[in-house]
Amino acid sequence: QVQLVQSGAEVKKPGASVKVSCKASGYTLTSYSISWVRQAPGQGLEWMGWVSTYSDNTNSAQKFQGRVTMTTDTSTSTAYMELRSLRSDDTAIYYCARDRDSFGLDSWGQGTLVTVSP
Amino acid sequence: QSVLTQPPSASGTPGQRVTISCSGSGSNIGSNAVNWYQQLPGTAPKLLIYSTNQRPSGVPDRFSGSKSVTSASLAISGLLSEDEAGYYCAAWDDSLNGLLFGGGTKLTVL
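Remember, it's a predicted structure, so these values are computed and weren't measured experimentally.

Comments concerning the interface of chain A and chain B
Okay, step 1: The partner chain B presents 17 residues to the 18 residues of chain A that form the contact.
Okay, step 2: When the two sides are added together, the surface that chain A and chain B hide from each other amounts to roughly 1400 Å², 62% of it contributed by carbon and sulfur.
Okay, step 3: Taken as a group, A:Leu45, A:Trp47 and A:Trp108 account for 38% of the area that chain A buries against chain B, more than any other trio of residues on that side.
Okay, step 4: At the boundary of chain A and chain B, one finds zero salt bridges.
Okay, step 5: The tally of links between chain A and chain B comes to six residue pairs in polar contact (both at pLDDT 80 or more).

Next comes the structure, spelled out in structure tokens:
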């Protein structure tokens, strides 16, 4: 079955960077894009961007442009999201999800908690 | 503040039918499909409705979606206690060139 397994929780200082991984199994990674979505404590879902897993083209939400990098490693079926210049309001659970366009984000990782604290 | 507007809360008793609305604009709901996600407490979101009114395999037919011009709705019939969760609408926005989520609706089963 389709499964996305993410890396473990991270604690970072303000100004640092974090890189979250998302390993896909049960399907061919290059068949669909991967979207990244985050959720701050007690808040709603926020789309960060997507990466095309066969071309490495990316599209990120305007508020993250210049600060986020999304990549894939097809040899290990793993997608990565790196967020730089972390601030306290970047504290959130970060999710990866298989993106099937109008068919929706149909499989999600378990989430990675990133805490930004001095 | 989300561009897709949902009521922050909704409630119903077991067996009732509840509807959750999602209001957008011509550049998002008016032009593109709407998807709905269910998020049970402490878990990752799950796709509930795709392409406005389609259910993924395994989603009960108690859940249905619809759209009219720039608004969408999620209806849940025969409400169960296990339906208590957060519900989010989502649609691509052509002007922003990005995916938008509604602010989410917390459904309470009384």
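Overview of the pattern of salt bridges
All names here are of chain A.
Okay, step 1: The final tally for this structure, using the stated rule, is 10 salt bridges over all chains.
Okay, step 2: A salt bridge links Lys 63 to Glu 46; the nearest nitrogen and oxygen atoms lie 2.9 Å apart. Remark: Glu 46 occurs in strand β5 (residues 45-51) and Lys 63 occurs in the loop between β6 (58-60) and β7 (68-73); sequence separation between them is 17 residues.
Okay, step 3: Overlapping salt bridges bring together Arg 38, Glu 46, Lys 63, Arg 67 and Asp 90 as one network.

Description of the state of the cysteines
All names here are of chain A.
Okay, step 1: Inspection of every chain in the model, using the stated rule, returns two disulfides over all chains.
Okay, step 2: One disulfide bridge connects Cys 22 with Cys 96, the sulfur atoms lying 2.0 Å from each other. When the S-S torsion is 80°, as for the bridge of Cys 22 with Cys 96, the disulfide is right-handed. You can see Cys 22 sitting in strand β3 (residues 18-25) and its partner Cys 96 sitting in strand β9 (residues 92-99), a full 74 residues away along the chain.

A short note on the side chain of B:Asn35
Okay, step 1: Looking at the secondary structure, you find B:Asn35 in strand β3 (residues 34-39).
Okay, step 2: Take B:Asn35: its relative accessible area is 5%, and that puts it in the buried class.
Okay, step 3: From its side chain, B:Asn35 meets the backbone nitrogen of B:Ser51 in a polar contact 2.9 Å long.
Okay, step 4: Each residue touching B:Asn35, except ones within four places of it in the same chain, is listed here: A:Asp101, A:Ser102, A:Phe103, A:Gly104, B:Leu47, B:Ile49, B:Tyr50, B:Ser51, B:Thr52, B:Tyr88, B:Cys89 and B:Ala90.

Rules and cut-offs
Residues numbered from 1 in each chain as written. Chains lettered and ligands numbered in written order. Predicted model: local features only at pLDDT ≥ 70, side-chain atom pairs only at ≥ 80, totals over all residues. Heavy atoms only, no water. Contact = heavy atoms within 4.5 Å. Buried area = accessible area lost by both parts, 1.4 Å probe. Salt bridge = Lys/Arg side-chain N within 4 Å of Asp/Glu carboxyl O. Polar contact = N/O pair within 3.5 Å; in protein donor to acceptor, adjacent residues only side chain to side chain. Helix = DSSP H or I, 4+ residues; strand = E, 2+ residues; numbered from the N terminus. Disulfide = S-S within 2.5 Å. Buried < 20%, exposed > 50% of the residue type's maximum accessible area, 1.4 Å probe, protein only.

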